[in-house]
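Spelled out from the first residue to the last, the chains are:
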Amino acid sequence: MVKVDSKKVTKMLKELEGMGPDVMKESGKFFKAKTPIASGNARRSTSTKNTTIKADYGYAARLDEGWSSQAPQGMSDDTIKDIDQQVGKLVKKLNR
């Protein structure tokens, strides 16, 4: 027989709900730092709001496809890996 402490599970779920904005805030910084810089427009035009990272410039897709030698892998894939790592660390903390 397995016994589950519903209070602990409920607490963990509430903590998980709160992760999104915090994780995205940090990942937005990560994405922005990965964004190539020539004139500075791309970085200036990148913002994070709630759970959305917005690259608000016409050539964002080209940069994300590796068009710049400064970010030959683009920015999104590395940012997704960063999000996975952050969430993994936070979930491990919940299990303690």
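What counts, and where the lines are drawn
Residues numbered from 1 in each chain as written. Predicted model: local features only at pLDDT ≥ 70, side-chain atom pairs only at ≥ 80, totals over all residues. Heavy atoms only, no water. Helix = DSSP H or I, 4+ residues; strand = E, 2+ residues; numbered from the N terminus. Rg over C-alpha atoms; globule rule 2.2 N^0.38 Å. Buried < 20%, exposed > 50% of the residue type's maximum accessible area, 1.4 Å probe, protein only. Contact = heavy atoms within 4.5 Å. Pairing = 2+ DSSP bridges.

J.: Just to check I follow, could you spell out the overall build of the protein for this structure?
T.: The secondary structure content of the protein amounts to five helices and two strands. In the protein, the order of α-helices and β-strands from amino to carboxyl end is α-α-α-β-β-α-α. Computed over its C-alpha atoms, the radius of gyration of the protein comes to 17 Å, more than 25% above the 12 Å expected for a compact globule of 96 residues. When its C-alpha atoms are laid out on the principal axes, the protein stretches across 60 × 20 × 15 Å. When burial is assessed residue by residue, the protein has 25% of its 96 residues classed as buried. When contacts within the protein are restricted to residue pairs at least 6 apart in sequence, long-range pairs at least 24 apart make up 54% of them.

J.: Explain the pairing of strand β1 (residues 46–49) here, please?
T.: Residues in a regular strand project their side chains so that they alternate between the two faces of the sheet. Pairing analysis gives four bridges linking β1 to strand β2 (residues 52–55), with the strands arranged antiparallel. Bridge assignment links Ser47 to a residue of β2, and that residue is Lys54. Hairpin geometry of β1 and β2 is characterised by an intervening segment of two residues between the two adjacent antiparallel strands and by a positive phi of about 55 degrees at Asn50.

J.: Whenever I open this one, the environment of Tyr57 confuses me. Can you help?
T.: By the element assignment, Tyr57 lies in the loop between β2 and α4 (60–64). Residue Tyr57 is classed as buried on the basis of its relative accessible area of 9%. In sequence terms Tyr57 and Ser45 are twelve residues apart; their C-alpha atoms lie 6.4 Å from each other. Sequence-distant contacts of Tyr57, that is, excluding residues within four places in its chain, are made with Thr35, Asn41, Ala42, Ser45, Thr46, Leu63 and Met75.

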